[in-house]
Amino acid sequence: MNDVMRSVCKANIFYALDRLQKHSDQYVIDQAEMIKALLTDLELSTASPNVEEEAPSRKIWDTDPTNYDTYKLLHQFGLSPTQLIDVTKCEGLHELRTIRMLRLTFDLSYMEAKAIFDGHVGS
């Protein structure tokens, strides 16, 4: 997974867990704390991943630029259209594919997606 995507996902997950820790139900608070600890442990254990282990997922991502499922998942985690545009830039996705991703992920017309793209890239 791209470092930018990993960072954004991590920030959104921890934000959601922080919100859950303010819940009135102690069970929910305990579960959020446990998940936060597990994620922290997982991140520490994968801080220097084995290149051979990561190669297959990168290969799949690189060979199928029309698979927008990852972007849809990131949207479900709360990323905005402009944040997803930043992710596509880091991934080297072409402008037309980025606009298509916006259309499919956010159910937009071409003109709406193009306007969002142009507004973000132009800023």
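For clarity, every value in this text was computed on a predicted model and none was experimentally measured.

Caption draft 1: Representation of the environment of Lys-36 within the structure. Mapped onto the elements of the fold, Lys-36 is located in helix H2 (residues 26-45). Taking the C-alpha atoms as reference, Lys-36 lies 8.9 Å from Asp-18; in sequence the two are 18 residues apart. Discounting residues that sit within four places of it in the chain, Lys-36 has contacts with Phe-14, Leu-17, Asp-18 and Gln-21.

Caption draft 2: How the structure looks around the pattern of salt bridges. Applying the stated rule across the entire model yields two salt bridges. Between Lys-114 and Glu-95 there is a salt bridge, and its shortest N-O distance comes to 2.9 Å. Note that Lys-114 is positioned in helix H7 (residues 110-121) and Glu-95 in helix H6 (residues 95-106), a separation of 19 residues in sequence. For Glu-95, a relative accessible area of 34% puts it in the partly exposed group.

Caption draft 3: Seen up close, the packing of helix H4 (residues 69-76) against helix H5 (residues 81-91). Their axes nearest at 11 Å, the elements H4 and H5 cross at an angle of 145°. Relative to H5, H4 is oriented so that their crossing is right-handed. Contacts from Tyr-71, Leu-74 and His-75 of H4 reach H5 at Leu-84, Val-87, Thr-88 and Glu-91. The class makeup of the residues in the contact of H4 with H5 is four nonpolar, two polar and one charged.

Caption draft 4: Spatial organisation of unusual backbone geometry. Even without a glycine there, the phi angle at Asp-107 is positive, about 55°. Mapping Asp-107 onto the fold places it in the loop between H6 and H7. Owing to a relative accessible area of 69%, Asp-107 belongs among the exposed residues under this scheme.

Caption draft 5: Layout of H6. With 12 residues, H6 extends 16 Å between its outermost C-alpha atoms, agreeing within 8% with the 16 Å of an ideal straight helix rising 1.5 Å per residue. Of all the positions in H6, only Thr-98, Ile-99, Met-101, Leu-102, Thr-105 and Phe-106 are classed as buried. All buried residues of H6 project into a common sector of 155° when viewed along the axis, lining one side. Packed against the buried residues of H6 are H4, H5 and H7. Two residues or fewer past H6, Asp-107 is found with a positive phi of approximately 55°.

Caption draft 6: Region of the structure containing the side chain of Thr-98. For Thr-98, the position within the fold is in helix H6. When neighbours within four sequence positions are excluded, Thr-98 is seen to be in contact with Ile-85, Thr-88, Leu-93 and Phe-117.

Thresholds applied
Residues numbered from 1 in each chain as written. Predicted model: local features only at pLDDT ≥ 70, side-chain atom pairs only at ≥ 80, totals over all residues. Heavy atoms only, no water. Helix = DSSP H or I, 4+ residues; strand = E, 2+ residues; numbered from the N terminus. Contact = heavy atoms within 4.5 Å. Salt bridge = Lys/Arg side-chain N within 4 Å of Asp/Glu carboxyl O. Buried < 20%, exposed > 50% of the residue type's maximum accessible area, 1.4 Å probe, protein only. Axes fitted to C-alpha atoms, helices over the stretch in contact; angles between N-to-C directions. Left-handed = near helix turned anticlockwise from the far one by under 90°. Nonpolar A, V, L, I, M, F, W, Y, C, P; charged D, E, K, R; others polar. Expected span 1.5 Å × (residues − 1). Arc of directions from axis to C-beta.

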